[in-house]
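Letter by letter, the chains look like this.
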Amino acid sequence: MSAIAHADDGHGHGHDDHGHGHDGHDGHGHDDHGHGDLVENNYMKVPNIKLAMWTFLGSECMFFGSLIATYFFYLDKSISGPLPAEVFSIEITSISTFVLLMSSYTMALAVDAMKSAKLGKAKLMLVLTAICGTIFVSFQVYEFWHFFVEKKLALQTSLFGSTFYTMTGFHGAHVTVGVIWLLMVAGLIHKGNIKPQRAVVVESAGLYWHFVDIVWIIIFTFVYLFEFAK
Amino acid sequence: MNPALHDVASYHTHSKLYTRTAVILSIITAVEIALLYVPPLKPILVPLMTVMAIQKLAMVVGTFMHLGDDKNVFRLVFLAPMLMAFLMIYVMTLLVMPHFSPYGGGYVRLAAQRSYDERMGLLPAAAAAHKPARSVEEYEKLFADAKDHGAGEKVWGERCAACHRADGGGMAGLGPNMTDDCYLHGGKVHNIVSTVLNGIPGKAMVSFKGQITDEQIEQVSLYVRSLRGKNVADGKACEGEKVGN
């Protein structure tokens, strides 16, 4: 992230490589913000960082899709318990789900504030999002501890244990990475290294965060709620 | 201008739209959870909740992530794999969901339930056990007189080989070796019949009562007894007590 953010300073004047091909776009003469090929895909006319992020998230769809599909493939095939319905707590998971959902809201507001050049609000919203993410991960740590200690469900206990911990554990790891990432972005804004013109940096971090949220929307409904709806 | 650069002056805030979206998302989630407590809806809950989850997903992707009004290439690189992921989940789930599945529910689930109850001390010690039909002596005589174990061997291949290996040598973490002189639950034919009938709570050995006929249980038990002493190559090490002939 920071490397791209710093490109602002490094390429502020190195603008000559910018002129070929798409002068038609440049009606306003905003040449003082040139970023060369580092940030713009000259062929598709989209920011490279955003294209990279969407492509990465596409691969993440397959990654989590595999984990969820595997969970379902082995559901009801464990030869030793406990069974999902005996360990899941809808009450607790509902709270953490709500917290994560709200973090998507604050994330969207952070990008919005960044684009409106309200840096203070952007930083606040990023920190709030990170706090929500931390709360979510804390709930997950509690859940794992509860399952492991009180319900005697370990990774190696059964197919359910293996597939459940792998799937939700990878999701929790993604949230953790997201929290660190958002705090770094907030720090870079604070130091003045990300300007509102470069809001795409915050937006890309936001895309990752929203993606982690939609993965949980699917897991919460398919894995937790279905267990009691069948 | 460079599309990677954001034009602050011409930007209009979306915060009201975001607030509205967050409220709707919360309501859908609340309704989803509340539906669990409405018993008459149970038959249609799964499709209903699927629609609601996809709706939430579409709102986050469309509004918060702005995929709807962004460039085509983003939709291509994201939605195509997402479609594949859902297709994969759907196919795997279709194979497994109880209504469609040749496996789902069934004895595996019951065995899991029972072994868990046992481990957690939820079962009374004397769970109703199935008794072998004949006495210890009758089974031993039956074994002494038996010439052919073909029927038992067939059941073995279908039901037992998966955990005890086709040649009976056993598998690490699963079934013990049946070809040595060691037994965890007794080496008489009567003991073997009882083990196959009742399974071993807390272990991978499930009860086969009702899964196969009582006659098949006797046949396979006699076959297992006939394996003793074969000591196949690479068999699992001795577990339990060594028995004499």
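Remember, predicted model here, so these are calculated numbers, not experimental data. (Residues numbered from 1 in each chain as written. Chains lettered and ligands numbered in written order. Predicted model: local features only at pLDDT ≥ 70, side-chain atom pairs only at ≥ 80, totals over all residues. Heavy atoms only, no water.)

A. Here's a closer look at the overall build of chain A. Along its length, chain A carries 8 helices and 2 strands. Reading chain A from its N end, one meets helices and strands in the order α-α-β-β-α-α-α-α-α-α. Counting over 230 residues, chain A shows a buried share of 58%. Counted over contacts in chain A with a minimum sequence separation of 6, partners at least 24 positions apart contribute 75%. Entry remark: accessible area of chain A is about 8700 Å², with carbon and sulfur atoms responsible for 67%. (Helix = DSSP H or I, 4+ residues; strand = E, 2+ residues; numbered from the N terminus. Buried < 20%, exposed > 50% of the residue type's maximum accessible area, 1.4 Å probe, protein only. Contact = heavy atoms within 4.5 Å. Areas by Shrake-Rupley, 256 points an atom, 1.4 Å probe, with all protein chains shown as cover.)

B. Spatial organisation of the state of the cysteines. All names here are of chain B. One pass over the structure, following the stated rule, counts 1 disulfide over all chains. Across a sulfur-sulfur distance of 2.0 Å, Cys182 and Cys238 are joined as a disulfide pair. Between Cys182 and Cys238, the S-S torsion sits near -105°, and that sign places the bridge as left-handed. A residue pair is termed long-range when its members are at least 10 positions apart, and Cys182 in strand E1 (residues 182-183) and Cys238 in the loop between helix H8 (214-227) and strand E2 (241-242) qualify at 56 residues. With no disulfide partner, Cys160 has as its closest neighbouring cysteine sulfur the one in Cys163, 9.0 Å distant. (Disulfide = S-S within 2.5 Å.)

C. Region of the structure containing the interface of chain A and chain B. With 78 residues of chain A in contact, the opposing surface of chain B contributes 66 residues. Of all residues in chain A, Trp54, Asp76 and Ile79 of chain A bury the most surface against chain B, accounting for 11% of the area lost on that side. Between chain A and chain B we count 1 salt bridge in total. For Lys50 of chain A, the salt bridge goes to Asp70 of chain B, with nearest N and O atoms at 2.7 Å. (Buried area = accessible area lost by both parts, 1.4 Å probe. Salt bridge = Lys/Arg side-chain N within 4 Å of Asp/Glu carboxyl O.)

D. Looking closely at the packing of helix H7 (residues 189-198) of chain B against H8 of chain B. All names here are of chain B. Orientation of H7 relative to H8, taken along the N-to-C sense of each, is 130°, at an axis distance of 9 Å. In this view, H7 runs oblique relative to H8, as classed from their interaxial angle. The two elements H7 and H8 cross, and the hand of that crossing is right-handed. Here H7 contributes Val189, Ile192, Val193, Val196 and Leu197 to the contact with H8, which in turn contributes Ile217, Val220, Ser221, Leu222, Val224 and Arg225. Its residues placed into classes, the contact of H7 with H8 shows 9 nonpolar, 1 polar and 1 charged. (Axes fitted to C-alpha atoms, helices over the stretch in contact; angles between N-to-C directions. Parallel < 35°, antiparallel > 145°, perpendicular 65-115°, else oblique. Left-handed = near helix turned anticlockwise from the far one by under 90°. Nonpolar A, V, L, I, M, F, W, Y, C, P; charged D, E, K, R; others polar.)

E. Broad picture of the pattern of salt bridges. The final tally for this structure, using the stated rule, is 10 salt bridges over all chains. For Glu203 of chain A, the salt bridge is made with Lys115 of chain A, and the minimal N-O distance between the two is 3.4 Å. With a gap of 88 residues between them, Glu203 of chain A in helix H8 (residues 199-229) and Lys115 of chain A in helix H5 (residues 90-115) connect regions that are remote in the sequence. Lys115 of chain A sits in the buried class, given a relative accessible area of 13%. A salt bridge links Asp167 of chain B to Arg165 of chain B; its shortest N-O distance comes to 3.1 Å.

F. Examining the packing of aromatic side chains more closely. All names here are of chain A. Here the structure, examined in full by the defined rule, presents 29 aromatic pairs over all chains. With a centroid separation of 5.2 Å and 85° between ring planes, the pair formed by Phe63 and Phe64 is classed as edge-to-face. Judged by relative accessible area, which is 30%, Phe63 ranks as partly exposed. A relative accessible area of 3% means that Phe64 is categorised as buried. (Phe/Tyr/Trp six-rings, centres within 6.5 Å; stacked < 30°, edge-to-face > 60°.)

G. Highlighting the packing of H8 of chain A against helix H2 (residues 45-64) of chain B. In contact at an axis separation of 10 Å, H8 of chain A and H2 of chain B are set at 170° when each is read in the N-to-C sense. Here H2 of chain B runs roughly antiparallel to H8 of chain A, going by the angle between their axes. Facing H8 of chain A, whose interface residues are His210, Asp213, Ile214, Ile217, Ile218, Thr221, Phe222, Leu225, Phe226 and Ala229 of chain A, H2 of chain B presents Leu45, Val46, Met49, Thr50, Ala53, Lys56, Leu57, Val60, Val61 and Phe64 of chain B.

H. Fine view of a nonpolar patch on the surface. Residues and elements named next belong to chain A. Taken together, the side chains of Leu124, Val127, Leu128, Ile131, Ile135 and Leu183 make up a nonpolar region of the molecular surface, amounting to roughly 460 Å² of accessible area. The element that contributes the greatest number of residues to the nonpolar patch is helix H6 (residues 119-150), accounting for 5 residues. As for its position among the elements, Leu124 is in helix H6. For Leu124, a relative accessible area of 49% gives the class partly exposed. (Patch = residues over 30% accessible without salt bridge, like charges linked within 9 Å, V, L, I, M, F, W, Y side chains within 5 Å.)

I. Focus on the side chain of Lys50 of chain A. Here Lys50 of chain A shows up in helix H3 (residues 48-74). Using a relative accessible area of 8% as the deciding quantity, one classes Lys50 of chain A as buried. A polar contact of 2.7 Å, which involves the side chain of Lys50 of chain A, links it to the side chain of Asp70 of chain B. Those residues in contact with Lys50 of chain A that sit more than four places away from it in its chain are Val200, Glu203, Ser204 and Leu207 of chain A together with Asp70 and Phe74 of chain B. (Polar contact = N/O pair within 3.5 Å; in protein donor to acceptor, adjacent residues only side chain to side chain.)

J. Spatial organisation of H3 of chain A. In a regular helix each residue adds 1.5 Å, so 27 residues correspond to 39 Å; H3 of chain A covers 39 Å between its end C-alpha atoms and thus fits that length. Just past H3 of chain A, the residue Asp76 of chain A takes up positive phi, approximately 70°. (Expected span 1.5 Å × (residues − 1).)

K. Summary view of the side chain of Thr29 of chain B. Relative to the elements of secondary structure, Thr29 of chain B occurs in helix H1 (residues 15-35). Excluding residues within four positions of it along the chain, Thr29 of chain B makes contact with Thr97, Leu101 and Phe220 of chain A together with Lys56 of chain B.

L. Region of the structure containing H7 of chain B. Residues and elements named next belong to chain B. Of all the 10 residues making up H7, 8 are buried; the element is thus mostly covered by neighbouring parts of the structure. Turning to H7, its buried residues are Val189, His190, Ile192, Val193, Thr195, Val196, Leu197 and Asn198. Of the residues flanking the end of H7, it is Gly199, one or two places downstream, whose phi is positive at about 70°.

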